[in-house]
Amino acid sequence: MEGEGTPPAESLRDEHEQLADLVRKYRYAYYQEDSPTVSDAEFDELYRRLEELEALHPELVTNDSPTQEVGGEVSSAFAAVEHLQRMYSLDDVFSLEELEAWVRKAEASVAKLGDRVPPIAWLTELKIDGLAVNLLYRDGKLVRAATRGDGTTGEDITHNVLTIKEIPRELSGSGYPSEVEIRGEVFIPSKAFAEFNETLVAAGKAPLANPRNAAAGSLRQKDPAETAKRPLSMYVHGIGAREGLEAKSQSGTYELLEQWGLPVSPYLKVLGSFEEVLEFIAHYGTHRHDLQHEIDGIVVKIDDFATQRALGYTSRVPRWAAAYKYPPEEVHTKLLDIAVNVGRTGRVTPFGLMEPVKVAGSTVGMATLHNQDVVKAKGVMIGDIVILRKAGDVIPEIVGPVLALRDKQDPPVREFVMPTECPSCGTPLAPAKESDVDIRCPNAKSCPSQLRERVFHLAGRGAFDIEALGWEAAIALTQPAEPEIPPLTSEAGLFSLTREALADVKIRREKRSKGVGTGEYELVPYFFTKGTAKSPSKPTATTEKLFVELEKAKKQPLWRVLVALSIRHVGPTASRALATAFGSMDAIRSATEEQIAHVDGVGPTIAAALKEWFAVDWHNDIVDSWAAAGVRMEDERDTSMPRTLEGLTVVVTGTLPNFSRDEAKEAIIIRGGKASGSVSKNTSYLVAGESAGTKLDKAEQLGVPVLDEDGFRELLANGPATTDADPEATEAAPEAAAAEAETE
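Procedures and definitions
- Residues numbered from 1 in each chain as written.
- Predicted model: local features only at pLDDT ≥ 70, side-chain atom pairs only at ≥ 80, totals over all residues.
- Heavy atoms only, no water.
- Helix = DSSP H or I, 4+ residues; strand = E, 2+ residues; numbered from the N terminus.
- Salt bridge = Lys/Arg side-chain N within 4 Å of Asp/Glu carboxyl O.
- Buried < 20%, exposed > 50% of the residue type's maximum accessible area, 1.4 Å probe, protein only.
- Polar contact = N/O pair within 3.5 Å; in protein donor to acceptor, adjacent residues only side chain to side chain.
- Contact = heavy atoms within 4.5 Å.
- Pairing = 2+ DSSP bridges.

Quick notes on the environment of glycine 114
So, point 1. Locating glycine 114 in the fold gives a position in the loop between α3 (96-111) and β3 (122-128).
So, point 2. Residues glycine 114 and alanine 206, 92 residues apart in the sequence, show an inter-C-alpha distance of 58 Å.

Next comes the structure, spelled out in structure tokens:
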């Protein structure tokens, strides 16, 4: 068995050489071409294997090994410049156990220093997924900007960096050194990146793959005018060479940098223990997609400069800092095919079928492609190796192809051709309007796929909330393998279902052996058990639960019934507004388009869609059938409830101990207020619970009064006259967390 001190076998030497070559190749594509050919996760795996081999067999390590170099090279396209002080990479760790081992090792090293250094304080900050840049200021004026390059020599990108508005050409205040290097990360904010990609797609151009590559590519534009078109930003996070600056800590330096007018990240903390560091990591692991920019991990540094100097550096990384990396959210996989799905409003959406791959903690085999224009703009072809992204709970998305690998695919890649007929019912496809980019199936009434999607939607938590009616149950009700005529040919019959109607329903299900699919299929009963001569079939527990929940669903408020009808553009917010304004389904049906449009939060687009929907006879049959079955079509109005919030707009964010999000909104609406999902200058109050997040930040910027739950109760009871925003409420809420936007 190979072990430490054992001469490496020839096979290990070959493996080491091949790994080193691969790492160099992939590193060049990443840093110099800004067009990676493998995902970060794949690169990290190769790099770690290289480190493992060299740890077991130190004799394999050479000066030009990738593990001994800072990750980057200098492009010949830009002038090479030498940094006054070397820029290092960071030691990456990929699990909390590895991070703890690194922390304990650092603590042991610091303990040996005795009283020479203070107790450890951990400066903990976000690892921005951008491009490292070094800014050189002389006498307060920016004279040069360069990429990290190989750590010693970088590329001169001064003219491009000058287009970034956050970077001052001249430092503010006083006390800055006569010569100082400022290190930071250039990035594209997440929102700006999404908006920029939308403009590219609208113009028929391929979207940028991800913010990091986009930022790097932007800074390497030959023409600064082109760089200026990109929404670049920057946060500074370190300091290199400096003359006459006597700072004692990294965090103290950040305070100085901010005083000099440099952009410092708001997402950092100085912490006293490893347990607090773990809490920081867990918090931003949950809320990483609520931030201004993309992150791929957390950087942990010893804050004190004297301790940093005492611990020093290896040939590549500082011994006083490490980067914990979150599980990858972007991977590469093969696009096997592109199929289409028909949605509840008839929209035909292409989606990719891929070789299953693990990303963001789950295995993914399908991802949306939105519409045929997006497929074309992204430039993906069937058979491509594609970049797949899954951010947390967000639906997986195909970002684009890895073009460098396209010509190597076998069989050759081929273009996707949008079908001209509905794959579910055979009806010719067409845009609903000439201006629509989406292709739709116009056979809304009898298209099986549309019916299935509508039934699944109406059972959702935002509508009737029928837990026993999930995706597979929706298929069994609308598209069973047997009988030929399904139990539901329209959602009108949902509340009239009987157990007898479900007795013979069978679905097609893959046979499994020891938990693994066999590739063979069989027809199995869905709603009833499989009967025998001695034991006749009977409803399953899930079937019985379905009928119980159908009865409960009949008592849901009017706004949920409106959501359940799958009227285009009419989501929860508009439904609440309509239910509050009219009070009953009959009143909504009989209202004019103008009356509906004047409801606060509705407008002409929703009004037109609503009247158009009710102009269809079979749509009205759904409402009438539900009403006849006992579904509530009118809200009970409590006329005694005081209208304390008349004319006020209230936003609720975070978690309140005694109100669910829906309960808080209902409480606002029935008192005459508007429950909004976003903070603006028109917001009257923000109610901030635990994990309040970016809405709280925006409210503070705009001067919007902030209430805790007690203040909210006071507002509901007595209105604004006696309510004062609690100045401590903003301090009690965490700095950053989930900003929940309601989607229609």
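Once you've had a look at it, read on.
Focus on the pattern of salt bridges
So, point 1. Tallying each qualifying case throughout the model produces 28 salt bridges.
So, point 2. Glutamate 453 is the salt-bridge partner of arginine 452, the closest N and O atoms lying 3.1 Å from each other.
So, point 3. Given the relative accessible area of 10%, arginine 452 is considered buried.
So, point 4. Of the charged contacts in the structure, one is a salt bridge between glutamate 709 and arginine 713, with a shortest N-O distance of 3.3 Å. One end of the pair is glutamate 709 and the other is arginine 713, both in helix α24 (residues 709-718) and four residues apart, which spans about a single turn.
So, point 5. Its relative accessible area of 39% is what places arginine 713 among the partly exposed residues.
So, point 6. Among the charged side chains, a network of salt bridges with common partners joins Glu100, Arg104 and Glu107.

Section: the side chain of glutamine 308
So, point 1. Relative to the helices and strands, glutamine 308 is located in helix α10 (residues 305-311).
So, point 2. For glutamine 308, a relative accessible area of 6% corresponds to the buried category.
So, point 3. A polar side-chain atom of glutamine 308 sits 3.2 Å from a polar atom in the side chain of glutamine 250.
So, point 4. When near neighbours in sequence (up to four residues on either side) are disregarded, glutamine 308 contacts Gln250, Ile302, Asp303 and Trp320.

What about the sheet that holds strand β22 (residues 706-707)?
So, point 1. With parallel pairing, four strands are arranged side by side in an open sheet as β20-β19-β21-β22. The open sheet has two edge strands, β20 (674-676) and β22, and neither has a second partner.
So, point 2. Note that strand β19 (residues 649-653) and β20 share three bridges and pair parallel. Directly across from valine 650, in β20, lies its bridge partner alanine 675.

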